[in-house]
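# Architecture at a glance
Each chain, written out:
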Amino acid sequence: MSKAHGLAERQTAGGGKRTRSAEAGVAGGGDLSTESAPSGRTAAAAGGNGAPLAIVHDLGMFQGVAGGTAASAASAAATSPAAVAGGEAPTATPTAPGQAAVAGGDALAATPSAPAVVGGHAAVGDEAPVLRAGGDIALGRGLPTFHVFGPRAHVMTDAAVPGLGDVGNNPNYIHRGSTAHFVVFYDSALGSAGASAADAVLVKCEADFNTLRGWFSNTTPGSLPFNIYITTDTNGASHASCSSTTLYLGAKSSNPINNSFVLQLMDAEEDEVFEAAFGHGWNCGASNGEGLSRVLANDLYPGVEPSNFVSSASWLDAPGRPDWINNTEGTDQDYVSIGCAVLFLNWMRFQLGYSWTQIIAAGASTLAQTYQNLTGQTDGYALFMALMDRTYPRGTPSGLTTDNPFPLQDVAYTGVFRPGSGAEWVVAAQPWSAMFNTINGYFKQGLYAEALNIVADDNNILYSAVFRPGSGAEWVVPAEPWSSIATVIDNYFKQGLYVTALGIAQVGNEVLYSAVFRPGSGAEWVVSAQPWSQFATTVSNYFKQGLHVAAIAATIQNGVVLYSAAFRPGSGAEWVVSAQPWSSFATTVNNYFKQGLYATGIAVAESSNGPLYTAVFRPGPGGAEWVLGNYLWKDFAKQTDTYFAQGLCATGIAACRLAV
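All of these numbers come straight from a predicted model, not from anything done at the bench. (Residues numbered from 1 in each chain as written. Predicted model: local features only at pLDDT ≥ 70, side-chain atom pairs only at ≥ 80, totals over all residues. Heavy atoms only, no water.)

### Quick notes on the confidence of the model for the protein chain
- Overall, the prediction assigns the protein chain a mean pLDDT of 78, with 74% of residues at 70 or greater.
- Ranking the elements of the protein chain by mean pLDDT puts strand S2 (residues 62-65) last with 26 and helix H1 (residues 191-215) first with 98.
- For the stretch residues 1-145, pLDDT sits under 50, and the model shows 414 contacts to residues farther than four places along the chain or on other chains.
- Considering only residues more than four positions removed or in separate chains, one finds that residues 158-166, a stretch of pLDDT under 50, has 17 contacts. (pLDDT = per-residue confidence, 0-100. Helix = DSSP H or I, 4+ residues; strand = E, 2+ residues; numbered from the N terminus. Contact = heavy atoms within 4.5 Å.)

Here's what the structure looks like:
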């Protein structure tokens, strides 16, 4: 995990934080004092310096829509709220677990909609000779040297390739048409189905070519154009060598013929030609390159392949789950090694959020080295295997029918939604290596981390956040122990930067802290993780000094919920509730809403009995409020999108790991 601070802007805005009259209290482990702060426990705000963040690429894991319309908001009753900080929540009546807390009226419509995604992608040639079956002796496997996208349990031989060697002169092949980079033929025996498949290729081939070219950093293969032969074969696709641009596509590999699968076959073989031109360790005749050819084709035409072309279960259900991450199998026809490769590649793309351009550019002779080149970390194999073993326990048939099950829902999300306007992006849990780039990319677009959460997943810290429009400086610090973060907070405070969002997570025997810093003024106190018995007193004492909870976080250590918070000057009522199961918390939220109190900060901790929720409630301007608890990302993203369309924006986010 990187210890470098995520610098989003070198210049910091000044802040009037010289007057310390209101901040003589201590934040942290000891008793509160109005006279002095014990060394090592008090943190009094923000600063630091570090290298600028790297440029962000398409991470593909963001949810949100730019813009929005006004929400039809339910009004809150104007009653006189209690004015005590740190009080316990009112007596709660259990409600259905997982049910969204209702804020002031009937439930909003929750019609699912797809999350928006940041970024985007933008004459017959001579054929290389083909060796006879028995092929490349260097592989030591007696396999042919031509390269295939074949079905499971079928080893392709040269005799199985229709028209191999003379297909270009076969009068039964009809020239259907040409484009800038493609010449397309189909076997007349296919009749109208062949013509239809050829037409589908002619319509899509140039667009797919441009997409693949973009993913391979604008590399252009040699020996163009591609010569596409749509055959009567039932065993997939092939070409004579990794760089061969004559591709044979078996139209009858699906029954009935599926033009989308014909296109997937074309792209799988075509991107092997790009691999040969690009290099970087991608070998179409080995498991890493075969895996890449399949995942790229599947991304362009997801889920169209017949079941006997799906490879993931071959590896998941194999005894011992062989390590084809630190090792590379020297063939493109072993479904166990292919299954491992496609899962690992899709994990980097759709679980960790890196783009295909980034992954391909980081290529190496092993997938483990590719991950290291991509992230700077060496824990890829361990993280991937831990997630696979939790989700698909060994010894139990995986039942997986797709090569891309990601993102796997290893994290559950909680959010608070209030009326708002402008752009919003909500980012699913990702490691710092990805979040580092995410923050910088959004900062350059004028979007700031309004809410932050961290969760420990197999000793790897995952970050999720809400980004909204803002201005000025911003600093985001990755997870580090209190001994380090306390100094960071103090240094930033001296530069006029304050904690605006906070996350904590338990790793081993240590609590780690992550925070967002923005310009501000006045007093600030940040307390390290405390049990409720201590934290409730801390909140109450600060409240008496006119300091309110500006950010809150929670985690569990040895079965005890620990709370951390940042305190800033404020006024009016405040209630902070200790960690509760959703059945109680949903009622708490609704009861406070009826008193005109809104959740201004929220945190969730993972217990052996399920998530526990804590929140800060303060008076609000009125209007609607919705709190979602324990949602899988796919559902959380859809609901976030639905709320956004109604003018409701995420003002808080929290997450915990699912018990798998």
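Having seen it, we continue.
### Examining the sheet that holds strand S20 (residues 597-607)
- Strand order across the open sheet formed by 3 strands is S19-S21-S20, with antiparallel pairing between neighbours. Since the sheet does not close on itself, it has two edges, and those belong to strand S19 (575-580) and S20, each with one partner. On average, each strand axis in the sheet is inclined to that of its neighbour by 10°, with strand direction left out of account.
- Here 4 bridges tie S19 to strand S21 (residues 610-619), and the two strands are oriented antiparallel to one another. Bridge pairing in S21 links Val-576 to Val-616. (Pairing = 2+ DSSP bridges. Axes fitted to C-alpha atoms, helices over the stretch in contact; angles between N-to-C directions.)

### Things to note about the nonpolar core
- Core analysis: the largest hydrophobic core is formed by 74 residues, its most contacted members being Ile-228, Ile-230, Trp-347, Phe-384 and Met-388.
- Of the residues forming this core, the biggest block, 11 residues, is contributed by helix H5 (residues 335-351).
- When sequence neighbours within four positions are dropped, the list of residues in contact with Met-388 reads Trp-315, Leu-316, Arg-321, Leu-343, Pro-393, Phe-406 and Leu-408.
- Judged by nonpolar contacts, the second largest core, of 24 residues, contains Met-435, Phe-436, Tyr-442 and Leu-452. (Core = buried A, V, L, I, M, F, W, Y, C linked by side-chain atoms within 4.5 Å. Buried < 20%, exposed > 50% of the residue type's maximum accessible area, 1.4 Å probe, protein only.)

### So, helix H12 (residues 582-594)
- Taking 1.5 Å as the rise per residue, H12 with 13 residues should run 18 Å; its terminal C-alpha atoms sit 18 Å apart, in good agreement.
- Among the residues of H12, Trp-582, Phe-585, Ala-586, Thr-587, Thr-588, Val-589, Tyr-592 and Phe-593 are the ones counted as buried.
- On its buried face, H12 is in contact with S19, S20, S21 and strand S22 (626-632). (Expected span 1.5 Å × (residues − 1).)

### Concerning the sheet that holds strand S23 (residues 648-657)
- Pairing is antiparallel in the open sheet, where 3 strands are placed in the order S22-S9-S23. In this open sheet, the two edge strands, each paired with only one partner strand, are S22 and S23. For this sheet the average axis-to-axis angle between neighbouring strands, irrespective of direction, equals 20°.
- Pairing between strand S9 (residues 411-419) and S23: 9 bridges, direction antiparallel.

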